[in-house]
2 protein chains.
Amino acid sequence: MAYELYYWDGLQGRGEFVRLALEEAQAPYVDVARGEKKDGLGIGAMMGELEGDEPYPPYAPPFLKDGDLIVPQTANILFYLGPKLKLAPRDERLRIVANGLQLTIADLVTEAHDTHHPIASGLYYEDQKDAAKARSADFIAHRIPKFMSYFERVLAQNPDGPRHMVGNALTYVDLSMFQIVEGLRYAFPKATKHFADHYPHVIALRDAVAKRPNIAAYLDSERRLPFNETGIFRHYPELDRAMR
Amino acid sequence: MAYELYYWDGLQGRGEFVRLALEEAQAPYVDVARGEKKDGLGIGAMMGELEGDEPYPPYAPPFLKDGDLIVPQTANILFYLGPKLKLAPRDERLRIVANGLQLTIADLVTEAHDTHHPIASGLYYEDQKDAAKARSADFIAHRIPKFMSYFERVLAQNPDGPRHMVGNALTYVDLSMFQIVEGLRYAFPKATKHFADHYPHVIALRDAVAKRPNIAAYLDSERRLPFNETGIFRHYPELDRAMR
């Protein structure tokens with residue numbers, strides 16, 4: 001049976017980390033909210049799950065349904081899917097390592113979101129632009145370098161070599177690394193201009209993921225939405241600046 | 001061998017969610033950064049682990065060492081420890097449910113932190129007080145009610161009854177629920193004044209956790225640091241207001 005992925009239509013957002021794993025593994029899945037109402041899909045189907053009275057409802061998209069099991073939270077979905085899609089380490093201990101790395105990626109994603117919404121996710125960007133400029137300046141000066149140099153160090157210190165974040169084979173963590181590099185480059189082209197010089201292992205990993213046949217085909221398809229200003233990574237030129 | 005917990009000294013912070021689990025289970029553990037330098041402990045020992053060149057270094061505290069395995073990220077530590085401490089559901093599927101709930105708790109914790117540091121964690125509160133007031137007003141008006149009514153709903157919809165977040169027995173998720181209620185009440189006494197009326201199952205769970213002998217003994221001990229203005233949950237009266 002196909003996995004059911006529930007995420008907002010019209011943006012990559014956090015759902016994209018799950019899509020990349022499903023696409024790499026060529027796993028059958030339905031992107032529920034993007035479907036048609038006549039097929040029992042669409043945004044209404046997603047809201048029904050969110051507001052339902054079933055046990056253990058999800059707090060927010062993305063969530064996955066596998067049969068009658070609802071799996072909420074991006075990192076949790078990937079932890080759950082990883083072994084099934086052969087995108088997790090075989091070693092149980094390295095699965096815990098992978099989950100820790102994915103949660104650090106999730107922290108970066110939250111901070112990237114908050115660059116344009118530092119006050120309230122329910123308010124318009126325009127109504128919090130001054131705070132957004134201040135938060136973005138700090139994000140570029142301090143947070144991007146801290147996260148990226150950490151990821152570079154994880155690759156450099158991987159005992160199996162710097163081609164993967166965990167172990168000696170592709171995992172969902174590698175796919176998520178691709179996505180954060182893409183997102184940061186989209187949102188902050190000036191700040192990320194010299195990424196390849198500063199974080200060579202990270203960029204080599206990004207390039208290797210982009211070349212994988214299933215990922216390349218996905219990126220070329222209509223299923224891959226373009227980045228835009230409704231997602232996590234938004235390009236507002238006034239928030240971008242060269243990294244010192 | 002005792003677990004080694006690494007977290008900043010002087011505050012409860014995210015380390016507290018792990019401590020509550022270790023204390024409830026009466027598991028042997030060393031709170032490394034709170035120890036003495038002469039015993040090979042203290043902040044220097046923690047910084048050594050953070051800056052070391054071993055495989056898979058942690059990004060930030062808290063992290064746990066179990067033998068030579070480093071487990072970073074609060075929710076990941078609890079997911080790892082849960083079965084060993086008999087504080088996780090036996091059913092593998094419910095362990096995934098528990099992890100999803102813990103990650104939603106983690107999201108609330110991050111948002112609680114950002115009420116006093118909406119612009120930059122590296123700047124003083126005093127230098128971002130106006131933004132903090134705006135973010136706190138939104139947190140009280142929209143975010144606390146959204147999170148808390150969700151948790152109330154999870155308890156009400158638990159097929160095993162509203163005494164636990166997952167299944168029919170105590171898990172680390174219940175302990176974490178205690179901690180977020182305590183933290184929110186400390187930081188926002190006005191906003192949380194009517195919590196018991198609005199979220200009766202959540203408060204009943206909080207009260208039941210507080211009465212557990214191992215938790216009560218821990219809360220009464222010197223190991224439980226008081227809440228203060230260096231942690232996640234900080235009481236700045238100017239950020240608090242009654243919930244409408």
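Residues numbered from 1 in each chain as written. Chains lettered and ligands numbered in written order. Predicted model: local features only at pLDDT ≥ 70, side-chain atom pairs only at ≥ 80, totals over all residues. Heavy atoms only, no water.

Draft legend 1. Highlighting the UniProt feature "domain: GST N-terminal" (unreviewed entry) in chain A. Here, the residues flagged by UniProt with the feature "domain: GST N-terminal" (unreviewed entry) are residues 1-89 of chain A. Within residues 1-89 of chain A, the helical portion is 34% and the strand portion 17%, while the C-alpha atoms at the span's ends are 24 Å from each other. (UniProt positions renumbered as here; feature names shortened; annotations may be inferred. Helix = DSSP H or I, 4+ residues; strand = E, 2+ residues; numbered from the N terminus.)

Draft legend 2. Representation of the packing of helix H3 (residues 74-84) of chain A against helix H4 (residues 92-116) of chain B in the model. The interhelical angle for the contact between H3 of chain A and H4 of chain B, taken along N-to-C directions, is 155°, at an axis separation of 9 Å. With respect to their mutual orientation, H3 of chain A and H4 of chain B come out roughly antiparallel. With respect to the hand of their crossing, H3 of chain A and H4 of chain B are arranged in right-handed fashion. Residues Ala75, Asn76, Phe79 and Tyr80 of chain A of H3 of chain A pack against Ile96, Asn99, Gly100 and Leu103 of chain B of H4 of chain B. Tallied by class, residues from the contact of H3 of chain A with H4 of chain B come to 5 nonpolar, 3 polar and no charged. (Axes fitted to C-alpha atoms, helices over the stretch in contact; angles between N-to-C directions. Parallel < 35°, antiparallel > 145°, perpendicular 65-115°, else oblique. Left-handed = near helix turned anticlockwise from the far one by under 90°. Contact = heavy atoms within 4.5 Å. Nonpolar A, V, L, I, M, F, W, Y, C, P; charged D, E, K, R; others polar.)

Draft legend 3. Spotlight on the domain arrangement of chain A. Residues and elements named next belong to chain A. Entries for chain A in the domain assignment read domain 1 (3-84) and domain 2 (92-215). Between domain 1 and domain 2, the contact holds 14 residues from the first and 17 residues from the second. When the buried surface of domain 1 facing domain 2 is broken down by residue, Phe17, Leu20 and Glu24 rank first, second and third, together holding 42% of it. In this structure, the connection of domain 1 to domain 2 is made through 1 salt bridge. Notably, a salt bridge pairs arginine 212 with glutamate 24, separated by 3.0 Å at the nearest N-O pair. (Domains from an automatic or database assignment. Buried area = accessible area lost by both parts, 1.4 Å probe. Salt bridge = Lys/Arg side-chain N within 4 Å of Asp/Glu carboxyl O.)

Draft legend 4. Structural detail: the pattern of salt bridges. All names here are of chain B. Tallying each qualifying case throughout the model produces 34 salt bridges over all chains. Across the pair aspartate 114 and arginine 135 runs a salt bridge whose closest N-O atoms are separated by 3.9 Å. Of this pair, aspartate 114 sits in helix H4 while arginine 135 sits in helix H5 (residues 129-156); the two residues are 21 residues apart in sequence, bridging distant segments of the chain. A relative accessible area of 9% means that arginine 135 is categorised as buried. Close ionic contact of arginine 206 with glutamate 182 constitutes a salt bridge, the shortest N to O distance being 2.6 Å. One end of the pair, arginine 206, is in helix H8 (residues 200-211); the other, glutamate 182, is in helix H6 (residues 172-187), and 24 residues separate them in sequence. Residue arginine 206 is classed as buried on the basis of its relative accessible area, which comes to 16%. (Buried < 20%, exposed > 50% of the residue type's maximum accessible area, 1.4 Å probe, protein only.)

Draft legend 5. Representation of the sheet that holds strand E4 (residues 69-72) of chain A. Residues and elements named next belong to chain A. Spatial strand order, E2-E1-E3-E4: 4 strands in an open sheet with mixed pairing. Since the sheet does not close on itself, it has two edges, and those belong to strand E2 (29-31) and E4, each with one partner. The sheet shows a mean angle of 20° between the axes of neighbouring strands, taken without regard to direction. Where strand E3 (residues 63-66) lies against E4, 4 bridges are found, and the strand directions are antiparallel. Bridging from a neighbouring strand, aspartate 66 pairs with leucine 69 of E4. (Pairing = 2+ DSSP bridges.)

Draft legend 6. Just the relation of the copies chain B and chain A, in detail. The transformation that overlays chain B on chain A combines an axial shift of 0.0 Å with a rotation of 180°, and the residual RMSD is 0.0 Å. In symmetry terms, the pair is related by a two-fold rotation axis. Nearest to the rotation axis, the C-alpha of proline 118 of chain B is located 2.9 Å from it, this being the minimum over chain B. (Least-squares fit on C-alpha atoms with pLDDT ≥ 70 in both.)

Draft legend 7. Examining the side chain of glutamate 152 of chain B more closely. Residues and elements named next belong to chain B. Relative to the helices and strands, glutamate 152 resides in helix H5. Notably, glutamate 152 is buried but unbridged: the nearest opposite-charge side chain belongs to arginine 185, and the N-O separation is 11 Å. Of the polar contacts made by the side chain of glutamate 152, one reaches the backbone nitrogen of valine 202; its length is 3.0 Å. Excluding anything up to four places from it in sequence, glutamate 152 contacts His198, Tyr199, Pro200, His201 and Val202. (Lys, Arg positive; Asp, Glu negative; His and termini not counted. Polar contact = N/O pair within 3.5 Å; in protein donor to acceptor, adjacent residues only side chain to side chain.)

Draft legend 8. Geometry of the environment of isoleucine 70 of chain B. As for its placement among the helices and strands, isoleucine 70 of chain B is situated in strand E4 (residues 69-72). Isoleucine 70 of chain B has contacts with Glu49, Tyr56, Pro58, Phe63, Leu64 and Lys65 of chain B, leaving out every residue within four places of it along the chain.

Draft legend 9. Seen up close, the packing of aromatic side chains. Inspection of every chain in the model, using the stated rule, returns 21 aromatic pairs over all chains. Between tyrosine 150 of chain A and tyrosine 59 of chain B, the ring centres sit 5.0 Å apart and the planes meet at 70°, which makes this aromatic pair edge-to-face. With tyrosine 150 of chain A in helix H5 (residues 129-156) and tyrosine 59 of chain B in the loop between helix H2 (43-51) and strand E3 (63-66), the pair connects residues from two separate chains. By relative accessible area, which is 6% here, tyrosine 150 of chain A ends up buried. (Phe/Tyr/Trp six-rings, centres within 6.5 Å; stacked < 30°, edge-to-face > 60°.)

Draft legend 10. The arrangement of the interface of chain B and chain A in detail. On the chain A side, the residues contacting the 51 residues of chain B number 51 residues. Linking chain B with chain A are 4 salt bridges. As a salt-bridge pair, aspartate 68 of chain A and arginine 93 of chain B come within 2.7 Å of each other at their nearest N and O atoms. Counting the contacts that link chain B with chain A gives 30 residue pairs in polar contact (both at pLDDT 80 or more). Within the residue set of the side of chain B that touches chain A, elements represented by two or more residues are H2, E4, helix H3 (74-84), H4 and H5 of chain B. Looking at the side of chain B that touches chain A element by element, the count peaks at 11 residues for H4 of chain B. Along the lines of polarity and charge, the residues of the side of chain B that touches chain A split into 27 nonpolar, 12 polar and 12 charged.

Draft legend 11. Summary view of the nonpolar core. Grouped together as the largest cluster of nonpolar side chains are 142 residues, with contacts concentrated most on Phe151 and Met165 of chain A together with Phe151 and Met165 of chain B. With sequence-adjacent residues up to four places away left out, methionine 165 of chain A is seen in contact with Leu101, Phe151, Val154, Leu155, Asn158, Val173, Asp174, Met177 and Leu205 of chain A together with Tyr56 of chain B. (Core = buried A, V, L, I, M, F, W, Y, C linked by side-chain atoms within 4.5 Å.)

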